[in-house]
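# Observations on chain architecture
Each chain, letter by letter, is given below.
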Amino acid sequence: YINNNYHQHKSTQKGDTSQSPLHPTIAIIAFMPYENKRNPELSTILSVHSLAACIASLQRVNIGRVLVVGKQQQDQVIVEEAFRLVRKAYDNQNQHHHISTNRIGESKIGDTEVQFVLSSSNPRTKYIQFNMPKVAIQGLQDALRGTSSRFS
């Protein structure tokens, strides 16, 4: 459904995706990096690239906002690297059609706003020590209220 509506909209708008039916959508990514104690560098590379692929897919269909919610302070480094990777790929693809106006620290890739939020909560359930879906919803609420301990 999303794919068909998006492509139908793109063909009628002749490249103008600013009024895409998906643009008002907020996507929430509950981010948990891969962990490999024997090879932490490989874990970081895998985490950055898998998150970047997810964000690029959302950006490509013109989701208006992507909120990445992390549970640890060190998640921010990985998330920012994923943002940088997606922004670089976007700029390379659109170098003839679009001059990037993004400055360091800006949180936009094309028409998609991206942001990292460090969740302030640690909801536990009877069976799960760290309930990441609940953390992601709490992170969205923190972002909307402006009460998160860290935004980027």
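Refer to the structure presented above.
The structure reproduced in this document is the subject of the present report.

The rules behind the values
Residues numbered from 1 in each chain as written. Predicted model: local features only at pLDDT ≥ 70, side-chain atom pairs only at ≥ 80, totals over all residues. Heavy atoms only, no water. Pairing = 2+ DSSP bridges. Helix = DSSP H or I, 4+ residues; strand = E, 2+ residues; numbered from the N terminus. Contact = heavy atoms within 4.5 Å. Axes fitted to C-alpha atoms, helices over the stretch in contact; angles between N-to-C directions. Expected span 1.5 Å × (residues − 1). Buried < 20%, exposed > 50% of the residue type's maximum accessible area, 1.4 Å probe, protein only. Arc of directions from axis to C-beta.

Read from one edge of the open sheet, 4 strands run 1-2-4-3, paired in mixed fashion. A single partner strand is all that each edge strand has here, and the edge strands are strand 1 (26-30) and strand 3 (108-109). Pairing of strand 2 (residues 65-70) with strand 4 (residues 112-118) involves 6 bridges; the strand directions are parallel. Across the sheet, the residue bridging to V68 is F116, located in strand 4. Contacting strand 1, strand 2, strand 3 and strand 4, helix 2 (residues 40-60) runs over the sheet at an angle of about 170° to strand 1. In the packing of helix 4 (residues 132-145) onto the sheet, contacts are made with strand 1, strand 2 and strand 4, and the angle to strand 2 comes to roughly 120°.

This paragraph deals with helix 4. In an α-helix, one full turn covers 3.6 residues, which means residues spaced three or four apart are oriented alike. Here helix 4 contains 14 residues, and its C-alpha end-to-end distance of 20 Å stays within 8% of the 20 Å for a straight helix at 1.5 Å per residue. M132, V135, A136, G139, L140 and D142 are the residues of helix 4 that are buried. Relative to the axis of helix 4, the buried residues are bounded by an arc of 165° and lie together on one face. Exposed side chains of helix 4 directed beyond 90 degrees from the buried face belong to P133, L144 and R145. Following helix 4 by one or two positions, G146 adopts a phi angle in the positive range, close to 75°.

As a further point, take the side chain of S119. Along the chain, S119 turns up in the loop between strand 4 and helix 4. For S119, a relative accessible area of 9% translates into the label buried. Leaving out residues up to four positions away in the same chain, S119 has contacts with V69, G70, V135, Q138, G139 and D142.

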